[in-house]
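Per-entry structural report
Chain by chain, the residues:
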Amino acid sequence: MNNGNNRRSMKKMISAFALLLAAVMLLGAASFTSCGKKTDDDKLIENQKDPGAAGEKIELTENQKKAVFDAAEAFAEAHDEEDLDLETMQISEFEKFIYYLYNDELTAGENGYGKVTAEDADARLQSLFGTKTLRHTPKRPGMIQDFYCEDDNYFVRVKEKYAECKLGGAEWTDDGLARIVVSAETVKGVTVSFEFTAELRDGELTIRNCKRYDAI
């Protein structure tokens, strides 16, 4: 009698284990399929590996759009405040773009400054412009600074977003680079256009040249 009950219990346990094992295998298969499935951005990156003919349109990934929009807004603000542009800018002036890139992205503390690590800021400059800053401006007592570096962190004075950007189009050039047009409407109510020449590689966008066209 007890033996019969034991056998029935054993069969139930084996059946339950089999069902659990099947569920785990199905979940694993689904996870594998999900991990192996290419996203839309993956497909765009794949399409960018071999540059098309000059004038052929390019579809940018979301990260590439963000990068070029960030650059356009930073250039618009830098030009209006300091008359800086990529064609005439000195290498030593690249550090100023840490301020223009981050001043509307960080959360301000009680002192009005947001914080980003110097490592992250340097990496962003390297990715966007192909170069890191050559200096890390220290805090200067008694001065109101737009930004400064202290204890391996940048402190950036936070302000509102300077411009809203829209993509005008992107196409390949003769030398396999991307020509990208972006319009930026600034807080002053003025719309300016930027023509970027950029290298696209592995989903990254690195700017090689920038031309600004003021609204007429």
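What you see is a predicted model; the values in this text were computed from it and never measured.

Tallied over the full model, the rule gives 12 aromatic pairs. A centroid spacing of 6.0 Å and a plane angle of 80° characterise the contact between Phe75 and Phe129, whose relative ring orientation is edge-to-face. Of this pair, Phe75 sits in helix α3 (residues 62–82) while Phe129 sits in helix α5 (residues 118–129); the two residues are 54 residues apart in sequence, bridging distant segments of the chain. No difference in accessibility class separates Phe75 from Phe129, as the two residues are buried.

Let us look at the pairing of strand β4 (residues 163–172). In the sheet, β4 pairs with strand β5 (residues 178–186) via 9 bridges, with the strands oriented antiparallel. By the bridge assignment for β5, Gly169 is matched with Val181. The antiparallel hairpin formed by β4 and β5 contains 5 residues in its connecting segment, where Gly176 sits at a positive phi of about 80°.

Within this structure, the stated rule accounts for 1 cavity of 30 Å³ or more. Considered as a void within the structure, the largest cavity measures approximately 30 Å³ in volume. Residues belonging to the lining of the largest cavity are distributed by class as follows: 3 nonpolar, no polar and 4 charged.

Turning to the nonpolar core, a few remarks are in order. Ranked by internal contacts, the top residues of the largest apolar core, which has 48 residues, are Phe75, Phe97, Phe129, Ile180, Phe194 and Phe196. The leading source of residues in this core is α3, at 8 residues. In contact with Phe129, not counting residues within four places along its chain, are Phe75, Leu86, Phe94, Phe97, Thr206, Ile207 and Arg208.

With that settled, the discussion passes to the confidence of the model for the protein chain. Of the residues in the protein chain, 82% have a pLDDT of 70 or more, and the chain-wide mean is 86. For the stretch residues 29–34, pLDDT sits under 50, and the model shows 0 contacts to residues farther than four places along the chain or on other chains.

Let us now look at the side chain of Asn103. Relative to the helices and strands, Asn103 is located in the loop between α4 (96–102) and β1 (113–117). Setting aside chain neighbours within four positions, we find Asn103 in contact with Glu77, Val156, Arg157, Val158 and Lys159.

For the rest of this paragraph, the subject is the environment of Tyr162. With respect to the element layout, Tyr162 can be found in the loop between β3 (153–157) and β4. With 24 residues separating them along the chain, Tyr162 and Thr186 place their C-alpha atoms 5.6 Å apart. Excluding residues that lie within four positions of it along the chain, Tyr162 makes contacts with Glu73, Ala76, Glu77, Asp80, Glu185, Thr186, Val187 and Lys188.

Glancing now at the pairing of β3. Where burial is concerned, most of β3 is hidden: 4 out of the 5 residues are buried. Note that β1 and β3 share 5 bridges and pair antiparallel. Bridge pairing in β3 places Lys115 opposite Phe155. In terms of strand pairing, strand β2 (residues 147–150) meets β3 through 4 bridges, oriented antiparallel. Its bridge partner lying in β3, Phe147 is registered against Val156.

A few words on the pattern of salt bridges. For the structure on display, the rule yields 20 salt bridges. A salt bridge links Glu81 to Lys159; the shortest N-O distance between them is 3.0 Å. Linking Glu81 in helix α3 with Lys159 in the loop between β3 and β4, this pair joins segments that are 78 residues apart in sequence. It is possible to trace a salt-bridge network through shared partners that takes in Lys66, Asp70, Glu105 and Arg124.

Criteria and cut-off values
Residues numbered from 1 in each chain as written. Predicted model: local features only at pLDDT ≥ 70, side-chain atom pairs only at ≥ 80, totals over all residues. Heavy atoms only, no water. Phe/Tyr/Trp six-rings, centres within 6.5 Å; stacked < 30°, edge-to-face > 60°. Helix = DSSP H or I, 4+ residues; strand = E, 2+ residues; numbered from the N terminus. Buried < 20%, exposed > 50% of the residue type's maximum accessible area, 1.4 Å probe, protein only. Pairing = 2+ DSSP bridges. 1 Å grid on protein atoms, 1.4 Å probe; cavity = no way out; pocket = protein on both sides within 12 Å on 5 of 7 lines; lining within 4 Å. Points joined across faces, edges and corners; volume = space filled by probe spheres on them. Nonpolar A, V, L, I, M, F, W, Y, C, P; charged D, E, K, R; others polar. Core = buried A, V, L, I, M, F, W, Y, C linked by side-chain atoms within 4.5 Å. Contact = heavy atoms within 4.5 Å. pLDDT = per-residue confidence, 0-100. Salt bridge = Lys/Arg side-chain N within 4 Å of Asp/Glu carboxyl O.

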